[in-house]
Amino acid sequence: MTTRLVQVNMKAHDDSALGRFWAQALGWGVDSEGPGVTNLEPVGFAYPDPAAVCIDIIARPEPKTVKNRVHLDLATTSTAHQAELVARLRDLGATLADVGQGEVPWTVMADPEGNEFCVLEPRPVYRDTGPIAAVVVDCTDPRAMARFWDEAMDWTLHEVGDDQATMRSAKGVGPYLEFVRTPDTKSVWNRVHLDVRPYPGDDLAAEEARLRALGATDPGIDRSAISWTVLADPEGNEFCLLSPR
């Protein structure tokens, strides 16, 4: 029994508008499973598939108050492509952002609702990831986070260090999942989080118990009106355990 990363969940004041931005940014299609929910995935994609980590945008009224602890890194193929992508994203409504990065070869930006993301300089490791190079999680201990998520999911651990740990689907496709050491500590409920899903035929309750035994905790979310399970990783980052599919 195991699980895998299937999507990134973002909260937004206007899910439709933010969905349009990200669909245009990534060249993906837009769908909706109901009011206040916008789903993004590659055109012609058969969900779930490790070739892409999809995006679900959910309408919520709470304001963004701090830097997100989960963000997307976008891939580029050349310096010219990076510059062209940054310019196109600014035309779509993104802005340049300063999170204390200093002089770096990548460009830090924010989407129209202030969610930070990076447009990376061309890197060979991301040449086959698709438009999203990596889903990045800020943390204080990348090694501990790698231990938990390596056991939680069937993804392959590629790199583990004091400052960064990296995973990718065992099939070697799609974006990477990276844990990066940062000096900040988690202070509020995450507006961007990971959604994981067991495989068809797995038992949801048993998978929840397994994740708890690995170190996942209950963040105290009211589950009376939802069909999925909300847990938190060892550093308190909320994530959702969806039904097997």
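Everything below is about the structure shown above.
Residues numbered from 1 in each chain as written. Predicted model: local features only at pLDDT ≥ 70, side-chain atom pairs only at ≥ 80, totals over all residues. Heavy atoms only, no water.

(A) Local environment of the side chain of D73. Structurally, D73 is set in strand 5 (residues 70-74). Within the structure, the side chain of D73 is placed 3.1 Å from the side chain of H71, a separation counted as a polar contact. If we skip the residues at most four places from it in the chain, D73 touches C118, L120, P131, I132, A133, A134, V136 and E178. (Helix = DSSP H or I, 4+ residues; strand = E, 2+ residues; numbered from the N terminus. Polar contact = N/O pair within 3.5 Å; in protein donor to acceptor, adjacent residues only side chain to side chain. Contact = heavy atoms within 4.5 Å.)

(B) Spotlight on the nonpolar core. Counting residues in each nonpolar core, the largest one holds 56 residues, and the members touching the most others are W22, L89, W149 and L177. Per-element accounting of this core gives the leading share, 6 residues, to helix 1 (residues 15-26). Excluding anything up to four places from it in sequence, W149 contacts M167, F179, L194, V196, D233 and F239. The next biggest cluster of nonpolar side chains, apart from the first, holds 11 residues, and it includes V108, Y126, V136 and Y176. (Core = buried A, V, L, I, M, F, W, Y, C linked by side-chain atoms within 4.5 Å. Buried < 20%, exposed > 50% of the residue type's maximum accessible area, 1.4 Å probe, protein only.)

(C) Just the layout of surface pockets, in detail. Looking at the largest pocket, its volume works out to about 730 Å³. What lines the largest pocket is a set of 29 residues, among which N9, D56, I58, D195 and W228 lie closest to the centre. Here the lining of the largest pocket is composed, by residue class, of 13 nonpolar, 6 polar and 10 charged. By volume, the second largest pocket is sized at about 510 Å³. Lining the second largest pocket are 25 residues; nearest its centre among them are H71, W106, C118, D138 and V180. Listing elements by their share of the lining of the second largest pocket, those giving two or more residues are strand 5, strand 8 (116-119), strand 9 (132-139) and strand 12 (176-181). (1 Å grid on protein atoms, 1.4 Å probe; cavity = no way out; pocket = protein on both sides within 12 Å on 5 of 7 lines; lining within 4 Å. Points joined across faces, edges and corners; volume = space filled by probe spheres on them. Nonpolar A, V, L, I, M, F, W, Y, C, P; charged D, E, K, R; others polar.)

(D) View of the sheet that holds strand 11 (residues 164-168). With mixed pairing, 8 strands are arranged side by side in an open sheet as 6-7-8-5-9-12-11-10. Only two strands of the sheet have a single neighbouring strand rather than two, namely strand 6 (95-96) and strand 10 (156-160). Its contacts with the sheet put helix 1 on strand 5, strand 8 and strand 9, and the angle it makes with strand 5 is roughly 30°. Each of strand 9, strand 10, strand 11 and strand 12 touches helix 3 (residues 142-152); the most contacted strand, strand 12, lies at about 150° to it. (Pairing = 2+ DSSP bridges. Axes fitted to C-alpha atoms, helices over the stretch in contact; angles between N-to-C directions.)

(E) Representation of the pairing of strand 12 in the model. With 6 bridges connecting them, strand 9 and strand 12 associate as parallel partners. Residue pairing across strands places V135 opposite L177, the latter belonging to strand 12. Sheet topology note: the strand 11/strand 12 ladder contains 5 bridges and is antiparallel. Note on strand 12: the bridge partner recorded for A165 is F179.

(F) Inspection of the environment of G36 at higher detail. For G36, the position within the fold is in the loop between strand 2 (29-34) and strand 3 (37-41). C-alpha separation for the pair G36 and A59, spaced 23 residues apart in sequence, amounts to 4.8 Å. Other than its neighbours up to four places away in sequence, G36 contacts D15, I57, I58 and A59.

Read these as layout, nothing more, since geometry by itself doesn't imply function.
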